[in-house]
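Working through the structure, step by step
As a plain string of letters, each chain reads:
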Amino acid sequence: VSHDAEGLVHVYHVGRNDTEGCLYCVMELADDAGTVAGTPQPETQRPQPASANAHPPSYLPKTLRTELRRQGRLPFEACLQLAMSLSTALNRLHSQRLVHRDIKPSNIIYVQGKPKLADIGLVTGLDATRSFVGTEGYVPPEGPGTPRADLYALGKVLYEASTGRDRQDYPELPTNLKDFPDKVSIVRLNEVIVRACDPDPRNRYATAAEMRDDLMRLQEGKRLSRRRPARWPLTVGAAALVVFLVTGLFVPIGSKLKLVRVVQSEELLPWRGILADWDGDGTPDVLSIRGNRLVAVSTTGKLLAERQMDPDVQGLGMDLAIEGNRGQGCKAFVSWQSSNGPVVAIFQQELLDREGYRLHFKTEGLAGTTLRPENIVEPSHDEKRQLLCALNSGYGHLPRGLYSFQVESPYELWHCSTAGSPHDSECFDLDGDGRDEIIFGTHAPNNGNQADDGTDDSHGYIYALGSNKGRVIWKTNLGPEYSQCRPVVARLDRVGHKALFATVGYSGADSRQEGGMAAQGFVVRLDNAGNVTDRHDFAKYVHDCVTADLDNDDKQELIVTLAGGGLAVLTTELVLTNAWRPDSNFTTNTFLFLVGIGDLNQDGKPELAVISSQYHLDSPPYLGPMPVRNSSGDGHHFELGGAGLTGVR
């Protein structure tokens, strides 16, 4: 393996010394730190096992640590060479199911002027028993021993090399950055570093190859890839995509929205879809269902691909997408009902069914049984991913529950049966053991169902499960009949500490307004045992919630959508800090569906994307007829009642 990548130190011989009672290896000799920087060393300086005089007494190995002591920091080109060489080396190491576990400047040597990853003493297999090893400051919050932990350490190394600061100072940038001759390039490199060093391993680069791809884009002056959320369902029929500019402050109370574009497409008529990069060009697209067809439409209205399904396919749905390899676009999880039960399959570019992956879940012939993909999780941060699916049967019937399957093959790992309809799953480490638990909510359709655990479907619950076998750790009753309970996880600081929240919206008969619109909702903070510790009430139905750091204080805020088209921003202490109220052209039956935050306009500025939809709501998730409505903002006109995508700032 060591000879397969330029960035790995070459091992020439491994042996055993029975006299001394030890194992030994013979490796490449590092350059002499006392020579001129970058001067290639002659072949004669390579180590000779039998010689005790392979180098002079004054020899000092040249490492990244010695270079940083000598130079303070490395110029951008040297940082880029370092990053590309080591990411290539890690890609080769990880492909052999090996991890390094101790990446730091003193373990990076220079051989003939080229950086190489050395000190293989802690290299181990991915399947080996994990122990806490490594060096403080380079070890991620979840601990060492995974490929993403190696990438975290590499990110810290690049932070030190590019800024000249200690890894414990991360993410602070030098106060004199404006004086750097390569400041623009260093700032762009910092985007790669920030992603590699994200406290949440799910937000880091998935592989070293993915990180190297971004470094190549950086070298070529191209836009870096962006990991966009693709799991939020959105309503695109009779709807408009609304984009708010996020510049550290949210849309203030009373502000008008500024229209930036309207896209009309007859392909955007159905109710559900997902936002994801379908064609791999770095910009988001809309994946949706039109009758019995799967369609992919760009945000400019161009039909990218379509797939006609078989006539006997019923209940077609597409609710989850994950990022694919560079240039290949995302992978979409599609579900439908068949005569043998619900089916889940993966579709990629050209909407072709991925060979060999089709999950059939047999039920007892109940009509209307669906199995909807909810989330892809990696609870143990060990590259073993789980596909979480919500199983729902028709009115008044069971089974219902959350099911976990292997992502790589259609094999059930565990399930948790529920009386209510499960939806919206999250990962959260409740006990601090480095392994996430599964948190999910339920909808209370009030069908008269009861589960063996004493719960019913006339109340909304939040469940906490062990991620190994789906064992219920606790459940909390938060809502009455017709309520929807959704878990939310928010970051509290730059270290990565998190807190658990839940949103509850309900539409019981005592809270309905004219037209059937629910008028009650609240957000709660939960402790690790599921107890409510804080609460913020709204006089309107709370529909959806996402989190984002809007004011750059390393603490996320909760962005909530309300009945009537309103938006509200809460701190993690559940204090209302900002809100946006729609004008009179929005009806009380307007809902906003949060899609996510990303650079949707490709202008280098993040936007908040929501879907506005006007429909009649009797009880979630019933969708009924709605009138055509018009609205204007800042002198621009757009039609909310027509099918289309609208972008505003």
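All chains use their own residue numbering, which begins from 1 and follows the written sequence. Restriction of local features to residues with pLDDT of at least 70 applies here, the model being predicted, together with a cutoff of 80 or more for giving and counting side-chain atom pairs; totals for whole chains, interfaces and linings are based on all residues. Derived side-chain values reflect all non-hydrogen atoms in the structure, with water molecules and hydrogen atoms excluded from consideration.

1. Examining the packing of aromatic side chains
Condition: Note on aromatic pairs: the rings of Phe, Tyr and Trp (six-membered ring only in Trp) are paired at centre separations within 6.5 Å, and the planes decide the class, stacked below 30 degrees, edge-to-face beyond 60, tilted for the rest. Going along the chain from the N terminus, every DSSP run of H or I of four or more residues is numbered as a helix, and every run of E of two or more is numbered as a strand. Only protein chains enter the area calculation, which uses a 1.4 Å probe; residues under 20% of their type maximum are buried, those over 50% are exposed, and those in between are partly exposed. Criterion for a charge above a ring: Arg CZ or Lys NZ at most 6 Å from the ring centre, at most 35 degrees from the ring normal.
According to the stated counting rule, one finds six aromatic pairs in the structure shown. Measuring from ring centre to ring centre gives 4.9 Å for Phe 440 and Tyr 463, while their planes differ by 10 degrees; the resulting arrangement is stacked. One end of the pair, Phe 440, is in strand S22 (residues 437–443); the other, Tyr 463, is in strand S23 (residues 460–465), and 23 residues separate them in sequence. Accessibility assignment for this pair places Phe 440 and Tyr 463 in one class, buried. Across the ring face of Tyr 110, the terminal group of Lys 62 is positioned such that the distance to the ring centre comes to 5.1 Å.

2. Looking at the packing of helix H4 (residues 183–196) against helix H5 (residues 208–219)
As a reminder, the rule being used: Geometry is summarised by axes, namely lines fitted to C-alpha atoms with helices restricted to the contacting stretch, and by angles between N-to-C directions that run from 0 to 180 degrees. Angular relationships are summarised with four words: roughly parallel below 35 degrees, roughly antiparallel beyond 145, roughly perpendicular across 65 to 115, and oblique for the angles in between. Contacts are residue-level and defined by heavy atoms, with any inter-residue pair within 4.5 Å sufficient. Three classes are used, and their members are as follows: Ala, Val, Leu, Ile, Met, Phe, Trp, Tyr, Cys and Pro are nonpolar, Asp, Glu, Lys and Arg are charged, and the others, Gly among them, are polar.
At their nearest, the axes of H4 and H5 sit 10 Å apart, and the two run at 170 degrees to each other. Taken together, the axis directions place H4 and H5 in an arrangement best described as roughly antiparallel. Contacts between H4 and H5 involve Arg 188, Leu 189, Val 192, Arg 195 and Ala 196 on the former and, on the latter, Glu 210, Met 211, Asp 214, Leu 215 and Leu 218. Partitioned by chemical class, the residues of the contact of H4 with H5 number six nonpolar, no polar and four charged.

3. Thoughts on the sheet that holds strand S19 (residues 401–406)
Selection criterion: When DSSP finds two or more bridges between two strands, those strands count as paired.
If you trace the four strands from one edge of the open sheet to the other, you get S17-S18-S19-S20, paired in antiparallel fashion. Across the chains shown, the open sheet's two edge strands, defined by having one partner strand only, are strand S17 (370–377) and strand S20 (412–417). The average undirected angle you get between the axes of adjacent strands in this sheet is 20 degrees.

4. Focus on the environment of Glu 191
Along the chain, Glu 191 falls in helix H4. Put simply, Glu 191 and Leu 224 are 33 residues apart on the chain and 8.3 Å apart in space, counted from C-alpha to C-alpha.

5. Observations regarding the confidence of the model for the chain
Detailed reading of predicted coordinates is not advised where the pLDDT is low. The cut-off we apply is this: pLDDT is a per-residue confidence score from the predictor, ranging from 0 to 100.
Residues with a pLDDT of 70 or more make up 69% of the chain, whose mean pLDDT is 75. Counting interchain partners and residues more than four positions distant, the pLDDT-below-50 stretch residues 509–518 has 27 contacts. Taken together, the stretch residues 584–588 has pLDDT below 50 and engages in 17 contacts with residues farther than four places along the chain or on a different chain.

6. Observations concerning the nonpolar core
Soluble globular proteins: nonpolar side chains tend toward being buried together. We apply this condition: Remark: nonpolar core denotes a set of buried residues (Ala, Val, Leu, Ile, Met, Phe, Trp, Tyr, Cys) joined through side-chain atoms within 4.5 Å.
With 43 residues, the main nonpolar core has Leu 64, Leu 82, Leu 90, Met 211 and Leu 215 as its most contacted residues. Within the residue set of this core, elements represented by two or more residues are helix H1 (64–71), helix H2 (76–95), strand S4 (108–111), helix H3 (147–163), H4 and H5. Beyond its immediate stretch of four places on either side in the chain, Leu 215 contacts Leu 80, Ala 83, Met 84, Ser 87, Leu 189 and Val 192. Core analysis: the second largest hydrophobic core is formed by 20 residues, Met 309, Val 343, Ala 345 and Phe 347 among them.

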